[in-house]
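Results of the structural survey
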Amino acid sequence: LAPSKKKVLKSESQVNLKDVIRTCLKVGLNHFETARFYGTSEYQFCTALKEMIDDGECKRSDFLFQTKIQPKKDKEEWLKTFNTSWAHIEETLGYVDLLSFHGVSDSKEVGWVLDESDDGCMSAALELKKEGKIKHIGFSTHGTAENIMKLVASNKFDYVNIHYHYFGSYHGEGTDDTMGGHGNLAALKKALELDMGVFIISPFDKGGKLYKPSAQVARTIGPELTPISFASLHLWKSIGAHTVSVGFARASDLDEVLEAAALYEAENTSYKGAEERLAMLAEEKLGKDWIEKGLLNIPTCYDERTNGVAVGHLLWLHNLVQAFGMYEFGRDRYKMLEATGWNNKKTFEENVDKMMSFNAGRSYQADVDLSNALQNHMDADLVKKKLAECHEWPTARRTN
């Protein structure tokens, strides 16, 4: 059963949320992101911000409010979901600064948001923009690099919420970026070229569980920076991203991010040395040839030759464990793929259609012959060996 809205808004959670918002505004953090999909978060944010405006603690112009609505094929179906959110927003905040199509990942969802017909969800969003209910339209994604590039290159969006971190591009890793490489960096650069806002999704969790880093990562980054500070500076300075997201439960969880912001303002360059040391370590552990070519020429989990196995994603996780000792992160992500729910009694198409695009693909399967899928890879036998090793992680003893 859904929790009672009245009880939620009178709970300690709501009091804590207001304290968190208050702390954010005090230190200059003014972008608040939520989603219709995030349980009670959306209406909790709206209520807290409205109360703070009414109490004179802030003005509506002091912050940006972002929410996300999953795409739908049908305009009216999408509007029905939006209107559920609007019921919270209209009387509290008046408008949405940043509205995202949430989790536009597989080709079906890409087609829905790029549909220019009057019956599509993009048409609905543009009408809402004309009415002043939303200010800017963007998208978030866990998709393949090719799908993300297609969305960005359409030039239909004001911003993108994207996975790109020093340690990789999450589900974009090992997928063709259409520019001769793999991962999401090419799409990110294209977004900057088109003057889109670039918001980095989960840099400290999906970017390697950096709030609980491996000993190897912490040692290699060195004593001058925490892994979280390093990740932030890399994204701001080396990549040019505009916003990094941070999730936290209490004000003290902001300490390392604020440290990174202070180092940014001070023109601190210690992150460059950390980048060099990490790159040298990766080359030592993986080999230059594998780093350059090991994640190229791999079909995605949507390609029937893979039978749904997320080959590129798994090889990325293997790289992180082998090079950086990120065993816990690799194990946790592998378990997510094990939970995909693939049914061998159903056809490939039926399984793909039911697969959650937020976490596409499944784990290594010993009975799936990947020879055809890997026919263009530099070393198919090595790939198969690495994939089998991934399968041992959930029960293996930690050695790093």
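Below is a summary of the structure that appears in this document.

Criteria and cut-off values
Residues numbered from 1 in each chain as written. Predicted model: local features only at pLDDT ≥ 70, side-chain atom pairs only at ≥ 80, totals over all residues. Heavy atoms only, no water. Phe/Tyr/Trp six-rings, centres within 6.5 Å; stacked < 30°, edge-to-face > 60°. Helix = DSSP H or I, 4+ residues; strand = E, 2+ residues; numbered from the N terminus. Buried < 20%, exposed > 50% of the residue type's maximum accessible area, 1.4 Å probe, protein only. Polar contact = N/O pair within 3.5 Å; in protein donor to acceptor, adjacent residues only side chain to side chain. Contact = heavy atoms within 4.5 Å. Disulfide = S-S within 2.5 Å. Pairing = 2+ DSSP bridges. Right-handed = clockwise from strand over helix to strand, strands pointing away. Core = buried A, V, L, I, M, F, W, Y, C linked by side-chain atoms within 4.5 Å. Salt bridge = Lys/Arg side-chain N within 4 Å of Asp/Glu carboxyl O.

**So, the packing of aromatic side chains**
Within the structure shown, the criterion is met by 15 aromatic pairs. Both rings, one in F139 and one in F157, keep their centres 4.9 Å apart while their planes meet at 65°; by these two values the pair is edge-to-face. Linking F139 in strand β4 (residues 134-140) with F157 in the loop between α7 (145-153) and β5 (159-162), this pair joins segments that are 18 residues apart in sequence. You can call F157 buried: its relative accessible area is 4%. Each ring, one from Y166 and one from F167, has its centre 5.1 Å from the other, and the planes form 85°; the classification is edge-to-face. Overall, Y166 belongs to the partly exposed group, its relative accessible area being 22%. With a relative accessible area of 6%, F167 lands in the buried category.

**Some points on the side chain of N359**
Mapped onto the elements, N359 comes out in the loop between α16 (348-354) and α17 (380-392). Polar contacts involving the side chain of N359 include one to the side chain of H171, which spans 3.2 Å. Within polar-contact distance, the side chain of N359 engages the backbone oxygen of M336 at 3.1 Å. N359 has contacts with H171, M336, L337 and T340, leaving out every residue within four places of it along the chain.

**Comments concerning the side chain of N184**
Looking at the secondary structure, you find N184 in the loop between β5 and α8 (185-193). Apart from residues no more than four positions distant in its own chain, N184 is found in contact with A145, I148, I162, H163, Y164, S169 and G172.

**As for the state of the cysteines**
Two cysteines form a disulfide when their sulfur atoms are joined by a covalent bond. What the rule picks out here adds up to zero disulfides. Cysteine C46 remains unbridged, with the sulfur of C58 as its closest cysteine sulfur at 13 Å. Left without a disulfide partner, C301 is nearest to the cysteine sulfur of C390, which lies 15 Å away.

**Thoughts on the pairing of β4**
Counted residue by residue, β4 has five buried out of seven residues, so it is predominantly covered. Strand direction decides the pairing type here: β4 and β5, joined by three bridges, are parallel. Bridge assignment links S140 to a residue of β5, and that residue is N161. Handedness of the β4-α7-β5 crossover: right-handed.

**Side note on the nonpolar core**
Counting 104 residues, the largest nonpolar core has W78, F101, F157 and F324 as the members making the most contacts within it. Among the elements that line this core, the one with the most residues is helix α14 (residues 311-324), at nine residues. Those residues in contact with F101 that lie beyond four places of it in its chain are I69, P71, W78, V113, C121, M122, A125, I137, G138, F139, S140 and F157. Membership of the second largest hydrophobic core comes to six residues, among which are C301, W342, F348 and A360.

**Thoughts on the pattern of salt bridges**
Inspection of every chain in the model, using the stated rule, returns 23 salt bridges. Here E51 ties to K18 by a salt bridge, and the two come within 3.0 Å at their closest N and O atoms. In this pair, E51 sits in helix α3 (residues 41-54) while K18 sits in helix α2 (residues 12-27), placing the two residues 33 residues apart along the sequence. The exposure class of E51 is partly exposed, given its relative accessible area of 33%. Taking relative accessible area as the criterion, K18 reaches 15% and is therefore assigned buried. Among the charged side chains, a network of salt bridges with common partners joins K209, K212, E328, R331 and D332.

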